[in-house]
Amino acid sequence: MFKPTKRIEGAHDEGIWAVKWKGEHICSGSLDGTVKLWRQNLSLSATSSPKKLGITSVSILNNLSMVISCCQDSTIEFHDISDFNSTQMIRPGLLEAWTISVSPDDSLIAGGSQAGAINVWSLQDKNKVASFETGNNFITDTAFSPAGDKIAAVGVDGMLNIFDMQGTKCIFQSEAHALPVRCVRFSADGKLVYTASADRHVNVFDLTHQVAVNSFSHSGMTLSVDISPDNRHFISSCSDHSVHLWDIGMQRCMQSFDTQHSDQVWGVSFNEAGDKFVSVGDDSSMQLYENSSSK
């Protein structure tokens, strides 16, 4: 069972909208315009120079060399993880990126536009290499499959779109939710896609058969979801300040953590071992959860 352990009040000066755990690093992005790098014990490692607008998304390259962030003005910034200096920026234009995702081989970055497109840039030269039109509205989140051969996108109109990266065509489209979808994630084996929505559900889709296979109900708008590396559990966070741990095989909630945040919880992220995870929210706090049985 997991239990809340270390907690950082005032981890940022304003609400925290994004978090990502990769290797020994945790990065967070806030409406205060800063990106922060944390160690696994939540001790602060580095802080970026503040932007004028809030940070909507953060990611860490799989080779752990760089942190990437996206700002409310769509600026994508690269921070060297060794000294946290800003090394380069992509300025795609206003409304051209909201959240970002990185391909498994660290070669591509994707971001959804407010016009319904999935924009893709090369990490090597920072040039735009593709743009997939979904035909839908504002894309709120994107995710690459573990093999890097597919990309998923969700938006404010409740739609889920999945594109084949090689054929650059839409291979699956679904009216996934009745309200805006805030987060999309692939399972670790790439066979399932999880979507978290303001309609208070996390829905699960089987890509092999292209059907919805499960739906998990929450008491508040679901804002974030992340899947454990062993595909046995997923975590979700809600607008009602709660965080939940779910057993995928048993299809039930194992634990609810409803007293750790005093405002809506925008992000959750597992570590690569799956024995710890972290949550962040509008109360500017960061909470660590650890599996007591692994100690």
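Figured I'd write up the structure that's included with this text. (Residues numbered from 1 in each chain as written. Predicted model: local features only at pLDDT ≥ 70, side-chain atom pairs only at ≥ 80, totals over all residues. Heavy atoms only, no water.)

## Details of the sheet that holds strand 28 (residues 286-291)
- In spatial order, the strands read 1-28-27-26; together these four strands make up an open sheet with antiparallel pairing. Each having just a single partner strand, strand 1 (2-8) and strand 26 (265-270) make up the two edges of the open sheet. Put simply, the sheet's adjacent strands are angled 20 degrees from each other on average, direction ignored.
- As paired strands, strand 1 and strand 28 are joined by five bridges and run antiparallel to one another. Note on strand 28: the bridge partner recorded for Ile8 is Met286. (Pairing = 2+ DSSP bridges. Helix = DSSP H or I, 4+ residues; strand = E, 2+ residues; numbered from the N terminus. Axes fitted to C-alpha atoms, helices over the stretch in contact; angles between N-to-C directions.)

## Considering unusual backbone geometry
- Within the chain, Ser74 stands out as a residue other than glycine whose phi angle is a positive 80 degrees.
- Residue placement: Ser74 occurs in the loop between strand 7 (66-71) and strand 8 (76-80).
- A relative accessible area of 1% places Ser74 in the buried class. (Buried < 20%, exposed > 50% of the residue type's maximum accessible area, 1.4 Å probe, protein only.)

## Considerations on the pairing of strand 3 (residues 25-30)
- Most of strand 3 is tucked away, with five of its six residues classed as buried.
- Here six bridges tie strand 2 (residues 16-22) to strand 3, and the two strands are oriented antiparallel to one another. Counterpart to Val19 in the pairing with strand 3 is Ser28.
- The loop that links strand 2 with its antiparallel partner strand 3 comprises two residues; one of these, Gly23, has a positive phi angle of about 60 degrees.

## With respect to the packing of aromatic side chains
- Scanning the model with the defined rule gives 14 aromatic pairs in all.
- Ring geometry for Trp17 and Trp266: centres 5.4 Å apart, planes at 45 degrees, overall tilted. On the criterion of sequence distance, the pair formed by Trp17 in strand 2 and Trp266 in strand 26 is long-range, its members being 249 residues apart.
- Relative accessible area serves as the criterion here: at 24%, Trp17 is assigned to the partly exposed category.
- Trp266 gets classed as buried once you look at its relative accessible area, which sits at 19%.
- For the pair Phe216 and Trp246, a centre-to-centre distance of 5.3 Å together with 65 degrees between the ring planes defines the contact as edge-to-face. Taken together, the residues Phe216 in strand 21 (residues 211-217) and Trp246 in strand 24 (residues 243-247) connect sequence positions 30 residues apart. (Phe/Tyr/Trp six-rings, centres within 6.5 Å; stacked < 30°, edge-to-face > 60°.)

## Some details on the sheet that holds strand 7
- What the four strands build is an open sheet, ordered 6-7-8-9; its pairing is antiparallel. Each end of this open sheet is capped by a strand with a single partner; those strands are strand 6 (55-60) and strand 9 (86-90). Mean inter-strand twist for the sheet, computed between neighbouring axes without regard to direction, equals 20 degrees.
- As paired strands, strand 7 and strand 8 are joined by five bridges and run antiparallel to one another. Following the sheet pairing, Ile68 is matched in strand 8 by Phe78.

## Thoughts on the pattern of salt bridges
- Under the counting rule described, the total for this entry stands at six salt bridges.
- Across the pair Lys51 and Glu77 runs a salt bridge whose closest N-O atoms are separated by 3.7 Å. With a gap of 26 residues between them, Lys51 in the loop between strand 5 (44-47) and strand 6 and Glu77 in strand 8 connect regions that are remote in the sequence.
- Taking the shortest distance from any N to any O, the salt bridge between Lys150 and Asp149 comes out at 3.2 Å.
- Classification of Lys150 as partly exposed rests on a relative accessible area of 22%. (Salt bridge = Lys/Arg side-chain N within 4 Å of Asp/Glu carboxyl O.)

## Comments concerning the environment of Val204
- Structurally, the position occupied by Val204 is in strand 20 (residues 201-206).
- In sequence terms Val204 and Asn119 are 85 residues apart; their C-alpha atoms lie 24 Å from each other.
- Val204 has contacts with Leu192, Val193, Tyr194, Val211, Ala212, Val213, Asn214 and Phe216, leaving out every residue within four places of it along the chain. (Contact = heavy atoms within 4.5 Å.)

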